[in-house]
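# Summary of the model geometry
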Amino acid sequence: MTLATVTKRSVKSPPRPAGRGRPPTGQGAWFLVLPALLPILVLSVGPLLYGIALAFTDSQSGRTAPTRWIGTLNFQDLMHDTLFWDSFRIGLLWAVGVTVPQFLLALGLALLLNQDLKLRWLARALAIIPWAMPEVVVGVMWRLVYNPDAGILNETIRDLGLGDGRDWLSGLSTALPAVIVVGVWAGMPQTTVALLAGLQNTPRELHEAAAMDGAGAWRRFLSVTWPALRPVALAITALNLIWNFNSFALVYVLTNGGPGGRTRLPMLFAYEEAFRYGQFGYAAAMGCVLVAVISVLLAVFLVGRLKGGEDA
């Protein structure tokens, strides 16, 4: 028996305090979660429940009579409201029209920024500038770009001899496409950042091995890059679809829903019903329908993700 063995056996470690290193349970766990849970309950869950309750009343601004419970009457009126369903259709066109180009352009930009380029850090910093700008500022800036008299877009068209330009935000056929372009520009940086993070987590050894096997750039993208990037792509696309469908400030600043309601998104229509016409109960019913639609989209995405994880 060596001296080291005797010393190791003779020295006893101090007793471990009871409960040390164990995760809190019961009331202790709730006490730790409470600071994060309280703002969610007060600022999100509470207003949501109040809005749902308000949808079953005839609440209006400026009326002296007490608010009455009217059941599902607001929802029945909503089912026959063609203006709301037109705004719902426009909202779907807007959400898809922004999300798809947003993803494709962001994917190309992320692939470019993932290359070993000179001043790559500067290019990455410039790429996220639109993300750092408030939506109101973006809207005001693009209103100046689209200005029919002195906007840079029409000035460029005139300088190139392509015509006299047009009023992009007031034309019935150009308002929605013009707003979609702004939505794509404003939302592309966050998609680029997410996809770039996914690309950087892809092992370079896989690309090198595929290149040694003779695979070209397109083949390497399909066989190596896209399988690793697909979970991130699905997640950010689903979130973008939900965020874009819920858009309000950008379109409000650009067109205020005009011309002729061609850019009136569902959130903007509900806002007008509540704060322009004072129909709080009816607007709350619209909000409930929109929340239900978004919940269905989110549920479809989560079920697809769970099935994808099981298949993997």
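First, a word on scope: everything that follows refers to the structure included in this document. Remember, it's a predicted structure, so these values are computed and weren't measured experimentally.

Reading the values: the criteria
- Residues numbered from 1 in each chain as written.
- Predicted model: local features only at pLDDT ≥ 70, side-chain atom pairs only at ≥ 80, totals over all residues.
- Heavy atoms only, no water.
- Helix = DSSP H or I, 4+ residues; strand = E, 2+ residues; numbered from the N terminus.
- Buried < 20%, exposed > 50% of the residue type's maximum accessible area, 1.4 Å probe, protein only.
- Salt bridge = Lys/Arg side-chain N within 4 Å of Asp/Glu carboxyl O.
- Contact = heavy atoms within 4.5 Å.

### Some thoughts on the overall build of the protein chain
Of regular secondary structure, the protein chain possesses 14 helices and zero strands. Starting at the N terminus, the α and β elements of the protein chain follow one another as α-α-α-α-α-α-α-α-α-α-α-α-α-α. Of all 312 residues assigned to the protein chain, the portion counted as buried reaches 33%.

### Focus on the pattern of salt bridges
Opposite charge on two side chains permits them to pair, given that their charged atoms come into close proximity. All told, the structure shown has four salt bridges when counted by the stated rule. A salt bridge links Arg158 to Glu155; the shortest N-O distance between them is 3.4 Å. In this pair, Arg158 and Glu155 both sit in helix H8 (residues 152-159), three residues apart, roughly one turn of the helix. Classification of Glu155 by relative accessible area gives partly exposed; the value is 32%. One salt bridge in this structure joins Arg264 and Glu272, with 3.3 Å as the shortest N-O distance. For Glu272, a relative accessible area of 6% puts it in the buried group.

### Structural notes on unusual backbone geometry
Pro259 follows Gly258 through a cis peptide bond whose omega is -5 degrees. Structurally, Pro259 can be placed in the loop between helix H12 (249-254) and helix H13 (266-275). One non-glycine residue, Asn256, lies in positive phi territory at about 55 degrees. Structurally, Asn256 is set in the loop between H12 and H13. According to the relative accessible area criterion, Asn256 is partly exposed, its value standing at 32%.

### Overview of the environment of Ile152
Within the secondary structure, Ile152 sits in helix H8. Since its relative accessible area comes to 55%, Ile152 is described here as exposed. Sequence separation between Ile152 and Trp142 is 10 residues, and the spatial gap between their C-alpha atoms is 9.7 Å. Every residue in contact with Ile152, bar those within four places of it in the chain, is listed here: Leu144 and Val145.

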